[in-house]
Amino acid sequence: MSSSAVDARLGLLTYKNDHESHISIKNQDVCANQCKDKPCVALCPAAVYTWDDVKKNTKVQYENCIECGGCRMICPYLNIDCHWPRGGFGVAYKYG
Amino acid sequence: MPDDIFDAVIVGAGPAGSACALTAAAGGANVALLERGEYPGAKNVQGAVLYAKHLDAVVPQFWKDPSFPGERNITEQRVVVTSGREDWINFSFRGGRYKTEPPNCFTIIRTKFDQWFAKKAEEKGAQLFTGVTVSEPIRTNGSVKGVKTSDAEELNAHCVVACDGVNSLIAQKLGVIDEWKMDEVAMGVKEVLAIPKEKIDDRFALEGNEGLTIEFFGSISQGMIGYAFLYTNKESLSLGVGAKLSDLRRKMIKPYDLLDFVKTHPLISRLIKDAKPLEYSAHLIPEGGLHSMPPLYGDGFLIAGDAAQMVNPTHREGSNLAMTAGHLAGQTIVEAKKNNDFSKSALAAYERKIKASYVWPDLWEHRNVEKNVEKDPSILEVYPRLLCEAMYHHFTADDRPKKEHKKETMKMFLKERGLFKMIQDAWRLRDAIG
């Protein structure tokens, strides 16, 4: 339910994606060993974050990012480095 | 990038930045307006209702400009209080006086507005640079003297104005704010929905360019501090919902699931029937208010708009505060140029202007509203439910005399909330209304 609820919505958006990510997880061990409920996975409005239970790491689909900046505050361990895409890259709202 | 030294580099071409650039340039200052999006508005999200008075101060008689991208003039404003999924109460005010030009407020499509506004600043001589992300301010002897961009270029200036929004990188790098805490911001998610003009007019009882806004409170926010909104544009509806980030965290509700919860509400689903989604967006809204406001000026810098937490959430105002602050920052730059003094003491004039305007008193009056609600968030759920129950008793005819219905309503209020608690609630919420 949730993934289709967000995928269709992101499909409406225009992006100019950079080849390099503007988001990184500072330390994957923190996600694997300390973070219990993965709020970034639940709360990111663009489903940028998914938890890979096999590899035990947080996957980052930076191409989805709509640049709200919430993840930096949501992460209880301040373990997400989300800065802005380079000039002109990222999401480009048509309505806003 | 030009090598000359600007009087001001203004970061962010939103309402604060463009107002600042326009006013400063019109007063003879040499200003650069930087925007990280491909065009102004590319990164910006708003409901969006804009207030005319404060735009008029920056662009006099803007409504007479044929290129002005206003949507509908708001003539009616409605509040809907919801209880559960099936009960709701409507309060609506339609003001005949709102029909005259200029309107009190009007809806806009933010990206169109931001492009128009930045163009107005350019017409006054401001230099707009799009696709430029600032990486950090340049400091010389403790004073801010320009910015570095993510492409490692430098722009030199006598001062820098941070109008870079809720996630103000400039303010963070200047060390005047830390990361916001989750209870200092709300997350809003929104859709723009296409629907023919005639359907909007019929569905909302509007004519010509009249517009309606609706804010939904109560069960719609699932116990979180927040509300949903539905605004009429010319040929689209803006539907969104916002809640404190700390509340979303506590409830672990996905923002787009909350949006679906809103869209499927029996009243809202009827109002948006057959409307086709054009765009989905999400943005943070600063809601810390005066308690979270950073220092507004320093040696060679000023801060305006969302970057300075200038939002009055109980009145859904923010972009007007930003325009006013940008305008006042622009005036301050013109004066600083005239006196050739961009020091901290010279730029302090900006804060004095803010305090003398409506911005400061409004933020002061509302500084504790959200904190007071947070002390007992059940207010958000209990009163909508009790009000709907009271309405139910008022309108229901059965075998019992009206007197008994009244008695039962009174008993219900006293049992569920109690006299003391109700007085306390009224006291806590006193600044929210008015």
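Residues numbered from 1 in each chain as written. Chains lettered and ligands numbered in written order. Predicted model: local features only at pLDDT ≥ 70, side-chain atom pairs only at ≥ 80, totals over all residues. Heavy atoms only, no water.

Undergrad: Which parts of the structure should I look at to understand the packing of helix α1 (residues 15-26) of chain B against helix α3 (residues 110-123) of chain B?
TA: Helix packing for two helices is described by the angle between their axes and how far apart those axes are. Residues and elements named next belong to chain B. Running from N to C, α1 and α3 point in directions that differ by 15 degrees, and their axes come no closer than 8 Å. With respect to their mutual orientation, α1 and α3 come out roughly parallel. Once α1 is placed against α3, the crossing between them reads as left-handed. Between α1 and α3, the contacting residues are P15, S18, A19, A21 and L22 on the first element and R110, D114, F117, A118, K120 and A121 on the second. Across the contact of α1 with α3, the residue classes break down as seven nonpolar, one polar and three charged. (Axes fitted to C-alpha atoms, helices over the stretch in contact; angles between N-to-C directions. Helix = DSSP H or I, 4+ residues; strand = E, 2+ residues; numbered from the N terminus. Parallel < 35°, antiparallel > 145°, perpendicular 65-115°, else oblique. Left-handed = near helix turned anticlockwise from the far one by under 90°. Contact = heavy atoms within 4.5 Å. Nonpolar A, V, L, I, M, F, W, Y, C, P; charged D, E, K, R; others polar.)

Undergrad: What is the right way to look at unusual backbone geometry in this model?
TA: Peptide bonds are trans in most cases, and residues, glycine excluded, mostly fall at negative phi. Cis rather than trans, the peptide bond between G47 of chain B and A48 of chain B has omega equal to 15 degrees. Within the secondary structure, A48 of chain B is located in the loop between β2 (31-35) and β3 (49-51). Here the amide bond leading from E101 of chain B into P102 of chain B is cis, since omega sits at -5 degrees, within 30 degrees of zero. Along the chain, the position of P102 of chain B falls in the loop between β5 (87-94) and β6 (105-108). Non-glycine residue L78 of chain A carries a positive phi angle of around 45 degrees.

Undergrad: Where do I start with the layout of surface pockets in this structure?
TA: Empty pockets left among the atoms are what a rolling probe the size of a water molecule brings to light. Considering only enclosed or pocket space, the second largest pocket measures out at about 300 Å³ in volume. Along the wall of the second largest pocket there are 13 residues; nearest its centre are R72, D81 and C82 of chain A together with Q172 and E179 of chain B. Secondary structure elements with two or more residues in the lining of the second largest pocket: β5 (80-82) of chain A together with α4 (169-173) of chain B. Class assignment of the residues belonging to the lining of the second largest pocket gives a composition of five nonpolar, three polar and five charged. (1 Å grid on protein atoms, 1.4 Å probe; cavity = no way out; pocket = protein on both sides within 12 Å on 5 of 7 lines; lining within 4 Å. Points joined across faces, edges and corners; volume = space filled by probe spheres on them.)

Undergrad: Help me understand helix α14 (residues 402-416) of chain B in this model?
TA: Every α-helical turn comprises 3.6 residues, leaving residues that sit three or four positions apart pointing alike. The first and last C-alpha atoms of α14 of chain B sit 21 Å apart over 15 residues, in line with the 21 Å expected at 1.5 Å per residue. Once α14 of chain B finishes, G418 of chain B follows within two positions and takes phi at roughly 85 degrees, a positive value. (Expected span 1.5 Å × (residues − 1).)

Undergrad: Can you help me understand the nonpolar core in this one?
TA: Soluble globular proteins tend to pack their nonpolar side chains together in the buried interior. Counting 142 residues, the largest nonpolar core has V9, L55, F117, M310, I333 and Y350 of chain B as its most contacted members. By size, the runner-up hydrophobic cluster in this structure holds seven residues, among which are V49, C105, Y227 and F229 of chain B. (Core = buried A, V, L, I, M, F, W, Y, C linked by side-chain atoms within 4.5 Å. Buried < 20%, exposed > 50% of the residue type's maximum accessible area, 1.4 Å probe, protein only.)

Undergrad: Is there a simple way to think about the packing of aromatic side chains in this case?
TA: Any aromatic ring pair is given by two values, namely how distant the centres are and how the planes are angled relative to each other. Residues and elements named next belong to chain B. Taken as a whole and judged by the stated rule, the model has 12 aromatic pairs over all chains. Geometrically, the ring pair formed by F217 and Y227 is tilted, given 5.2 Å between the ring centres and 40 degrees between the ring planes. Taken together, the positions of F217 in strand β12 (residues 210-218) and Y227 in strand β13 (residues 226-232) put the pair 10 residues apart, joining distant regions of the chain. Each member of the aromatic cluster is reached from another via a ring pair, and the members are F62, W63, F68, F106, F113, W116 and F117. Its end group placed over the ring of W364, R367 keeps NZ or CZ at 3.7 Å from the ring centre. (Phe/Tyr/Trp six-rings, centres within 6.5 Å; stacked < 30°, edge-to-face > 60°. Lys NZ or Arg CZ within 6 Å of the ring centre and 35° of its normal.)

Undergrad: Before we go on, may I ask you to explain the pattern of salt bridges in this structure?
TA: Scanning the entire structure with this criterion turns up 35 salt bridges over all chains. Salt-bridge contacts for R249 of chain B lead to D37 of chain A; the nearest nitrogen and oxygen are separated by 2.9 Å. Separated into two different chains, R249 of chain B in helix α6 (residues 245-251) and D37 of chain A in the loop between α2 (28-33) and α3 (39-43) make up a pair that spans both. A relative accessible area of 17% places R249 of chain B in the buried class. Assessed through its relative accessible area of 37%, D37 of chain A is described here as partly exposed. Close ionic contact of R110 of chain B with D114 of chain B constitutes a salt bridge, the shortest N to O distance being 2.9 Å. Here R110 of chain B and its partner D114 of chain B are both found in helix α3, four residues apart, which amounts to about one turn of the helix. Note on accessibility: R110 of chain B and D114 of chain B belong to one class, buried. Several salt bridges converge on common partners, so that one network encompasses R9 of chain A together with E191, D260 and K263 of chain B. (Salt bridge = Lys/Arg side-chain N within 4 Å of Asp/Glu carboxyl O.)

What is shown is where atoms sit, not what they do.
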